[in-house]
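Secondary and tertiary structure notes
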Amino acid sequence: MKKTFKRMVAGVLAATMMIMPINIMADETSGMFETTKQVALEQTAALMEMFGVPGVTMALVDVDSGFTWTQGLGYAYAAGGVAVTEHTLFPIASSAKVFTAVAVMQLVEAGLLDLDEPIITYLPEFSVLPNPLYGGDYRNITTRMLLTHTSGLHEALGDYFVNIYGGPNRYIMNSMLPFLASQHMQNEEINRITYNNTGYILLGILVARLSGAENYFDGFVNFAQENIFNPAGMSSSSFDITPYNRPYIALPHYDAETASEFFLYIGGTPAGGMVSNAVDMARFMHIMLNGGIYGNDESTRILQPSTIEAMLPVENFGINFPTSAPTGMEMGLGFMHLSRSNGAISTGHGGNLLHHTEMIIDFENGIGVFVSVNAIAGGAVPGLIGEAIWKAAVYEKTGVEVPLNAYFGTPFVAENLEELVGWYATAGELRLNQDGVLYFPSPLGLPIAVAYACW
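Residues numbered from 1 in each chain as written. Predicted model: local features only at pLDDT ≥ 70, side-chain atom pairs only at ≥ 80, totals over all residues. Heavy atoms only, no water.

**Here we look at the overall build of the protein chain**
Just so we agree on the cut-off: Numbered from the N terminus, helices here are DSSP runs of H or I no shorter than four residues, and strands are runs of E no shorter than two. Residue burial is assigned from relative accessible area. The probe radius is 1.4 Å, only protein chains are included, and a residue is buried under 20% of its type maximum, exposed over 50%, and partly exposed in between. Only heavy atoms matter for contacts: two residues are in contact if any of them lie within 4.5 Å across the pair. In this description, accessible areas are obtained by the Shrake-Rupley approach with a 1.4 Å probe, and a residue is regarded as covered only by the protein chains that are shown.
A count of helical and extended segments in the protein chain gives 12 helices and 17 strands. Across the 455 residues of the protein chain, 56% fall into the buried class. Taking all contacts inside the protein chain whose residues are at least 6 apart in sequence as the whole, residues at least 24 apart take part in 68%. Accessible area for the protein chain stands at about 17,900 Å²; split by element, carbon and sulfur atoms hold 53% of it.

What follows is the structure in structure tokens.
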């Protein structure tokens with residue numbers, strides 16, 4: 001099966017490479033992970049063809065050797081022939097939550113914030129109505145609950161999360177607390193794990209308030225810039241979309257050739273409004289794998305090693321509750337632990353809006369992988385590419401096989417996918433269309449593919 005698979009993807013790769021540009025940044029450590037790079041190219045080409053993905057950016061790092069490999073493949077704007085490079089910016093959606101968590105933990109290190117203190121201590125005007133059926137008391141909600149999606153808050157939709165036209169609303173976060181005062185809790189706090197963007201918007205407000213800012217958007221954006229991106233050397237990353245960085249952002253596409261006229265600006269910026277590129281994300285993964293510092297340069301430190309360690313354990317308050325499908329999902333402090341195809345656990349965070357992102361940070365093996373795509377319906381693609389790269393890199397480095405199923409060798413069939421259709425507390429409604437694609441609806445109603453049935 002492996003030989004057949006290799007021949008198949010090699011053919012797709014050859015055909016695809018004739019029509020798409022490839023842009024590779026020179027390795028910092030040459031001659032390493034050559035097999036992994038080939039796997040990355042083969043898997044990416046095959047999946048771009050299968051899902052109609054115009055552009056992909058990716059990064060692979062190994063902290064022990066200092067190795068970095070970044071790759072751009074395809075188009076940022078297909079109709080205009082604009083190629084994806086390692087510097088092309090991609091909105092990373094909910095992967096941004098890790099950076100919001102880093103900002104929160106910096107305040108903890110500074111002694112300005114206690115994770116287990118009710119947030120009304122810091123935001124006394126914060127309030128939410130109890131749920132008429134399920135209760136809930138906002139006065140008990142802590143920062144730790146917000147970080148781990150266990151606060152019981154209801155999702156804030158509409159402009160508090162996305163704004164299709166016009167650009168970022170710099171004042172939408174300032175109206176968030178009055179808005180929540182008229183809303184009801186979804187359920188009692190620490191009653192269940194429910195993926196929640198509202199909580200991360202609140203965390204951004206908390207960061208801005210404790211940094212002394214009156215405008216929560218600007219306060220959060222500036223705090224992240226000054227305390228994360230600048231010291232980390234992430235020179236292209238930002239929580240703000242401006243006339244300066246907007247032209248360098250890959251456009252979302254309906255298919256491999258047709259760009260969307262929409263561009264989503266995130267009102268709740270801390271929950272998913274960050275843009276970055278492969279170069280910057282590689283630096284971030286190096287820093288997190290290296291105890292909060294890039295190499296030996298103390299000026300790049302963003303967290304202490306003990307703080308990063310404290311962010312990793314699963315924090316579920318003893319809740320015994322089914323998480324997300326089709327894989328298991330458990331929360332650390334900003335980090336998400338996913339149970340993959342047959343039991344392997346990866347740590348990091350994904351993100352899905354009109355662009356889709358996967359970040360895997362393997363602290364045990366010192367490997368980091370980042371993948372982002374600009375296909376609206378390509379939600380499954382970053383995870384598939386990211387897992388393939390992660391598996392190959394760990395094996396090439398350690399000789400230990402990561403226990404993942406081969407996605408092409410053991411394909412899903414329609415009957416398997418039909419069993420997964422339904423509502424999930426942490427993810428919403430999962431649907432199956434007539435073409436055998438398992439998907440979530442996107443903010444525009446377009447399908448975000450999770451798996452594909454081979455009939």
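**A few points about helix α9 (residues 278–289)**
Spacing of three or four residues puts side chains on the same side of an α-helix, whose turn is 3.6 residues. Quick reminder of the rule: Residue count minus one, scaled by 1.5 Å, sets the expected span of a helix. Here a polar contact means two N or O atoms within 3.5 Å. Within protein one must be a hydrogen donor candidate and the other an acceptor candidate, and residues neighboring in sequence count only if both atoms are side-chain atoms.
Between its first and last C-alpha atoms α9 spans 16 Å; for 12 residues at 1.5 Å apiece the expected length is 16 Å, and the two agree. Most of α9 is tucked away: 11 of the 12 residues are buried. Of all the positions in α9, only Ala278, Val279, Asp280, Met281, Ala282, Phe284, Met285, His286, Ile287, Met288 and Leu289 are classed as buried. Two or three places before Val279, at the start of α9, stands the capping residue Asn277, its side-chain oxygen 3.3 Å from that residue's backbone nitrogen. Gly291 sits one or two residues past α9 and shows a positive phi near 75°.

**Considerations on the confidence of the model for the protein chain**
Under the convention used in this document: What pLDDT conveys is the predictor's confidence in a given residue, as a value from 0 to 100.
On average, residues of the protein chain carry a pLDDT of 84, and 79% of them reach 70 or more. A low-confidence stretch, residues 322–327 stays under pLDDT 50, and its non-local contacts, those more than four residues away or across chains, total 13 contacts. Segment residues 405–412 is flagged for pLDDT under 50; beyond a separation of four residues in sequence, or across chains, it makes 19 contacts in the model.

**So, the environment of Glu49**
With respect to the element layout, Glu49 can be found in helix α2 (residues 34–51). Exposure remark for Glu49: the relative accessible area of 53% places this residue in the exposed category. Note: C-alpha distance between Glu49 and Ala256 (207 residues apart in sequence) is 8.5 Å.

**Some points on α2**
With 18 residues, α2 should cover 26 Å at 1.5 Å per step; its first-to-last C-alpha distance of 26 Å lies within 8% of that length. Among the residues making up α2, those that are buried are Thr36, Lys37, Ala40, Leu41, Glu42, Gln43, Thr44, Ala45, Ala46, Leu47, Met48 and Phe51. Residue Gly52 follows α2 closely and has a positive phi angle near 65°.

**Concerning the pattern of salt bridges**
How we decide: Salt bridges are counted wherever a side-chain nitrogen of Lys or Arg sits within 4 Å of a carboxyl oxygen of Asp or Glu.
Inspection of the entire model under this criterion finds 11 salt bridges. In this structure, the salt-bridge partner of Asp116 is Arg144, at a minimum N-O distance of 2.6 Å. One end of the pair, Asp116, is in the loop between α3 (97–109) and α4 (143–147); the other, Arg144, is in helix α4, and 28 residues separate them in sequence. Of the residues examined, Asp116 reaches a relative accessible area of 45% and is grouped as partly exposed. With its nearest N and O atoms 2.9 Å apart, the salt bridge here joins Asp240 to Arg170. With Asp240 in the loop between α7 (216–232) and β7 (265–266) and Arg170 in the loop between β6 (162–163) and α5 (176–181), this pair connects stretches of sequence that are 70 residues apart. Asp240 gets classed as buried once you look at its relative accessible area, which sits at 7%. You can call Arg170 partly exposed: its relative accessible area is 31%. Bridged by salt links that share partners, the residues Asp62, Asp64 and Lys397 form one connected network.

**Quick word on the nonpolar core**
To be explicit about the condition: Definition used in this section: a nonpolar core is a set of buried Ala, Val, Leu, Ile, Met, Phe, Trp, Tyr and Cys residues joined via side-chain atoms within 4.5 Å.
Membership of the largest hydrophobic core comes to 81 residues, with the highest contact counts inside it found for Phe99, Phe126, Leu202 and Phe284. Considering each element in turn, this core owes the most residues, 9 residues, to α7. Beyond its immediate sequence surroundings of up to four residues, Phe99 is in contact with Ile92, Ile228, Phe229, Met234, Phe239, Met274, Met281 and Phe284. Counting 28 residues, the second largest nonpolar core, distinct from the first, contains Val56, Ala344, Ile360 and Ile367.

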